[in-house]
Amino acid sequence: FPSHDNVDTLIFWFFAIVSTLMAVGVVFAPSVLYAALCLLSVFFSIAGLFLLNNADFLAVAQVMVYAVGLTIVLMFGLMFTGNQALPSLNKRFGWLTLSIAIGSGLAVAGLLLKTSGQYAPKLVTPLGTLAKEAIVQNGTAMQLGELLLTKYLLPFQLASVLLLVAMIGAYRDWE
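Novice: Kindly report on the packing of aromatic side chains, identifying the contributing residues and their values.
Specialist: Scanning all chains against the criterion turns up 3 aromatic pairs. The interplanar angle of 55 degrees and the centroid separation of 5.9 Å between the aromatic rings of F14 and F15 together place this pair among those described as tilted. The exposure class of F14 is partly exposed, given its relative accessible area of 28%.

Structure (structure tokens):
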């Protein structure tokens, strides 16, 4: 059975290759629908890379903001503009792109489920032993929340007020 480091390396290369191939698929997809599906696979692969680095908060944020949010925006754009294929590409290439996007997306989703809690990679950040153990046990969300509500409370609150003012200004400008 392969060692823990070899499994992490294999999973890393899987995510890296899938994200690179799907990024190429986004560029060369014959329609917006196929490009959006390839982009969804890229976003899930990047989330997998975050999980391998034990950055669970970033992985969840990647899936929520980019994989779900941006893909929904692309689908709305697709509904409003139509799905016109590029005239120079044949239909066989489009079906190949779609099948590769769906297959790799399912494979990445399966690996995300498998790696989300099973592997705790070695951290290479210059943290103390206690901080490393806390991150490996609890993930990064707990430490991030603790820092935002203690040490960085004032900048966090100022950023939220700034965003609120920007939303109010954008709404008033829109009317």
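Novice: Summarise the environment of L70; cite the residues concerned and give the values.
Specialist: Relative to the assigned elements, L70 resides in helix α3 (residues 56–81). A relative accessible area of 33% places L70 in the partly exposed class. Separated by 34 residues in sequence, L70 and A36 place their C-alpha atoms 9.1 Å apart. Setting aside residues no more than four positions away along its own chain, L70 makes contact with F43 and V65.

Novice: Can you break down α3 residue by residue, with the values?
Specialist: At 3.6 residues per turn, the α-helix brings residues three or four places apart onto the same side. In this model, α3 (26 residues) spans 36 Å end to end at C-alpha, consistent with the 38 Å of a helix rising 1.5 Å per residue. Residue V63 marks the point of greatest curvature in α3, where the axis turns by about 25 degrees. Within the sequence span of α3, burial applies to A59, Q62, A67, T71 and L78. Where the residues of α3 are buried, they touch α2 (32–52).

Novice: Hey, could you go over the packing of α2 against α3 for me, with residue numbers and the actual values?
Specialist: Between α2 and α3, the least distance of the axes is 8 Å, while the angle of their chain directions is 175 degrees. It follows that α2 is roughly antiparallel to α3 by the angle criterion. Two secondary-structure elements touch here, α2 through V32, L33, A36, L39, L40, F43, F44, I46, A47, F50 and L51 and α3 through D56, L58, A59, Q62, V63, Y66, A67, L70, T71, L74, M75 and L78. When the residues that make up the contact of α2 with α3 are grouped by side-chain class, the tally is 20 nonpolar, 2 polar and 1 charged.

Novice: So, the confidence of the model for the protein: which residues are in play, and what are the values?
Specialist: Of the residues in the protein, 71% reach a pLDDT of 70 or more, and the chain-wide mean stands at 75. α2 holds the highest mean pLDDT among the elements of the protein, 87, whereas helix α5 (residues 129–138) holds the lowest, 62.

Novice: Break down the nonpolar core for me, citing the residues and quoting the values.
Specialist: Note on soluble globular proteins: their nonpolar side chains tend to be buried together. The biggest cluster of nonpolar side chains holds 12 residues, and these are V7, I11, F15, V18, M22, C38, V42, L49, L52, A101, V108 and L111. Listed by contribution, the elements that provide at least two residues to this core are α1 (4–28), α2 and α4 (91–118). It is α1 that provides the largest number of residues to this core, a total of 5 residues. Dropping the residues within four chain positions of it, L49 is found in contact with F12 and F15.

Novice: An account of the side chain of Q62 is needed here, citing residue identities and associated values.
Specialist: By secondary structure assignment, the location of Q62 is in helix α3. Every residue in contact with Q62, bar those within four places of it in the chain, is listed here: F43, I46, A47, F50 and A67.

Novice: An account of the side chain of S45 is needed here, citing residue identities and associated values.
Specialist: As for its position among the elements, S45 is in helix α2. For S45, a relative accessible area of 0% translates into the label buried. At 2.9 Å, the side chain of S45 and the backbone oxygen of S41 are in polar contact. Residues within four places of S45 in sequence aside, it is in contact with F15, V18, S19 and V108.

Parameters and conventions
Residues numbered from 1 in each chain as written. Predicted model: local features only at pLDDT ≥ 70, side-chain atom pairs only at ≥ 80, totals over all residues. Heavy atoms only, no water. Phe/Tyr/Trp six-rings, centres within 6.5 Å; stacked < 30°, edge-to-face > 60°. Buried < 20%, exposed > 50% of the residue type's maximum accessible area, 1.4 Å probe, protein only. Helix = DSSP H or I, 4+ residues; strand = E, 2+ residues; numbered from the N terminus. Contact = heavy atoms within 4.5 Å. Expected span 1.5 Å × (residues − 1). Bend = angle between axes of the 7 residues up to and from the residue. Axes fitted to C-alpha atoms, helices over the stretch in contact; angles between N-to-C directions. Parallel < 35°, antiparallel > 145°, perpendicular 65-115°, else oblique. Nonpolar A, V, L, I, M, F, W, Y, C, P; charged D, E, K, R; others polar. pLDDT = per-residue confidence, 0-100. Core = buried A, V, L, I, M, F, W, Y, C linked by side-chain atoms within 4.5 Å. Polar contact = N/O pair within 3.5 Å; in protein donor to acceptor, adjacent residues only side chain to side chain.

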